Amino acid sequence: MALFKKRRKENNDEIKLENLNIPNHIGIIMDGNGRWAKRRGMPRTYGHKAGVDNLIELSKYANSIGVKYMTVYAFSTENWSRPKDEVSYLMYLLDSTFNRLIDTIEKDNIKMKIVGEKDKLSDQLLDVIKRMEEKTKNCTGMTLFIAFNYGSRQEIVHACKEIVNEGKEISIDEIQNHLYTKDGGDVDLLIRTSGEQRISNFMLWQISYSEIYTADTYWPDFNGDCLNKAILEYNKRDRRFGGLKK
Ligand code: FPP
């Protein structure tokens, strides 16, 4: 009976976070924008626009419940192989979103950082990224790492090259300290939306001991209640980090 009541409570989305352990660092593979749009008879770009709107809302929510770091996969190094129009739209979306938010963003107290290879990005995009990072650098709430033109294998190679250039020996600690997301440390909870169950070259180093949660929900619909469910599930996991059950 008690179990039945508890299940009902979860299904009613009445999840209380007070007694739950909030993950320090959450990674999200924001998948399903295209299918979300298709279901509505709309072009894929419409799904990406809804995806970015959801990202803004969910980031504010995550910050409000005490998440310290959130890394989201917005554009992978492999996404350049998508149709040219879609790639251009994703570039435009980052540019227009940052320009729209830049004057008001500080009140949300979220520190924004773009992580990934910067070489293929336009000067215009690099400029707005720089201004956004500058504007939010003293924010004390959550750090939002937006992985854009990001690939985890590339990130690890980049870290190793830097270590070698600094004349240091490669070690676990050195690699950790040269990752783009070094301040956030390991990812505690990795979420992938839209029912897919792949890692897709996302934070391979940082997810070594992550708990993995997949949701059937398409990214534009993955709201605060969905995040609460993921956190509740995370709290049920027995994290052993290679050790034995306590
Ligand atoms: C995967 O869905 C999503 C992406 C490749 C892009 C994610 C981008 C956003 C959430 C918005 C952009 C964010 C910024 C900050 C510019 P999909 O397109 O592969 O969907 P599908 O699997 O249903 O086709």
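Residues numbered from 1 in each chain as written. Predicted model: local features only at pLDDT ≥ 70, side-chain atom pairs only at ≥ 80, totals over all residues. Heavy atoms only, no water.

Colleague: Would you mind going over the overall build of the protein with me for this structure?
Modeller: Along the protein, the regular secondary structure elements total 8 helices and 6 strands. Tracing the protein from N to C terminus, the helices and strands come up as α-β-α-α-β-α-β-α-β-α-α-β-β-α. A compact globule built from 246 residues should have a C-alpha radius of gyration of about 18 Å, and the protein, at 19 Å, falls within 12% of that. If one aligns the C-alpha atoms of the protein with their principal axes, the spans along those axes are about 60 × 50 × 35 Å. Taking all 246 residues of the protein together, 48% fall into the buried category. When the accessible surface of the protein is totalled, it reaches about 13,500 Å², and 49% of it is carbon and sulfur. The protein carries 39 positive and 36 negative side-chain charges, and their two centres are separated by 5 Å. (Helix = DSSP H or I, 4+ residues; strand = E, 2+ residues; numbered from the N terminus. Rg over C-alpha atoms; globule rule 2.2 N^0.38 Å. Buried < 20%, exposed > 50% of the residue type's maximum accessible area, 1.4 Å probe, protein only. Areas by Shrake-Rupley, 256 points an atom, 1.4 Å probe, with all protein chains shown as cover. Lys, Arg positive; Asp, Glu negative; His and termini not counted. Charge placed at Lys NZ, Arg CZ, Asp CG, Glu CD.)

Colleague: Help me understand helix α5 (residues 123-136), please; the structure alone is not making it clear to me.
Modeller: The periodicity of an α-helix, 3.6 residues per turn, causes residues three or four places apart in sequence to face the same way. For α5, with 14 residues, the first-to-last C-alpha span of 20 Å sits near the 20 Å given by 1.5 Å per residue. Restricting attention to buried positions, one finds in α5 the residues Leu125, Val128, Ile129, Met132 and Thr136. All buried residues of α5 lie within an arc of 105° about the axis, which places them on one face of the element. Turned more than 90 degrees away from the buried face of α5 sit Asp123 and Lys130, all of them exposed. (Expected span 1.5 Å × (residues − 1). Arc of directions from axis to C-beta.)

Colleague: What exactly am I supposed to notice about the site of the ligand here?
Modeller: With respect to spatial proximity, 17 residues lie near the ligand, and among them Asp31, Gly34, Arg35, Arg44 and Arg82 are the closest. Here an oxygen atom of the ligand and a side-chain polar atom of Asp31 are 3.1 Å apart. Between an oxygen atom of the ligand and a side-chain N or O atom of Arg82, the distance comes to 2.8 Å. When isolated, the ligand has an accessible area of 620 Å², and the protein chains bury 91% of it. Contributions of two or more residues to the shell around the ligand are made by α2 (33-39), α3 (44-64) and α4 (84-101). (Near = heavy atom within 4 Å. Polar contact = N/O pair within 3.5 Å; in protein donor to acceptor, adjacent residues only side chain to side chain.)

Colleague: Which parts of the structure should I look at to understand the packing of α3 against helix α8 (residues 224-236)?
Modeller: Each pair of packed helices gets described by two things: the angle between the helix axes and the distance between those axes. Two numbers describe how α3 lies on α8: the axes approach to 10 Å, and their chain directions differ by 50°. The orientation of α3 with respect to α8, classified from their angle, is oblique. For the element pair α3 and α8, the recorded crossing hand is right-handed. Judged by residue contacts, Leu58, Tyr61 and Ala62 of α3 engage Gly224, Leu227 and Asn228 from α8. Looking at the contact of α3 with α8, its residues break down into 4 nonpolar, 2 polar and no charged. (Axes fitted to C-alpha atoms, helices over the stretch in contact; angles between N-to-C directions. Parallel < 35°, antiparallel > 145°, perpendicular 65-115°, else oblique. Left-handed = near helix turned anticlockwise from the far one by under 90°. Contact = heavy atoms within 4.5 Å. Nonpolar A, V, L, I, M, F, W, Y, C, P; charged D, E, K, R; others polar.)

Colleague: Can you help me understand the sheet that holds strand β6 (residues 211-214) in this one?
Modeller: Hydrogen bonding along the main chain pairs the strands of a sheet, whether they run parallel or antiparallel. Strand order in this open sheet of 6 strands is β3-β4-β2-β1-β5-β6, and the pairing throughout is parallel. Whereas interior strands pair on both sides, the edge strands pair on one side only; in this sheet they are β3 (111-115) and β6. Ignoring which end each strand starts from, the neighbouring axes of this sheet average 20° apart. Sitting on the sheet, α4 is in contact with β2 (69-76), β3 and β4 (143-150), with an inclination near 155° to β4. Lying on the sheet, α8 is in contact with β1 (25-29), β5 (189-192) and β6; it crosses β5 at an angle near 135°. (Pairing = 2+ DSSP bridges.)

Colleague: What should I look at first to understand the pairing of β2 in this one?
Modeller: Put simply, side chains in a regular strand alternate between the two faces of the sheet. β2 sits mainly inside the fold: 7 of its 8 residues count as buried. The pairing of β1 with β2 spans 5 bridges and is classified as parallel. Of the residues in β2, the one forming a bridge with His25 is Tyr69. In this sheet, β4 lies alongside β2 in parallel orientation, the contact comprising 7 bridges. Opposite Thr71, over in β4, you have Phe145 as the bridge partner.

Colleague: Whenever I open this one, the pairing of β4 confuses me. Can you help?
Modeller: Judged by how many residues are buried, β4 sits mostly within the fold: 8 of 8 residues are covered. Relative to β4, β3 runs parallel, the two being bridged by 5 bridges. Looking at the pairing, Met112 lines up with Leu144 of β4.

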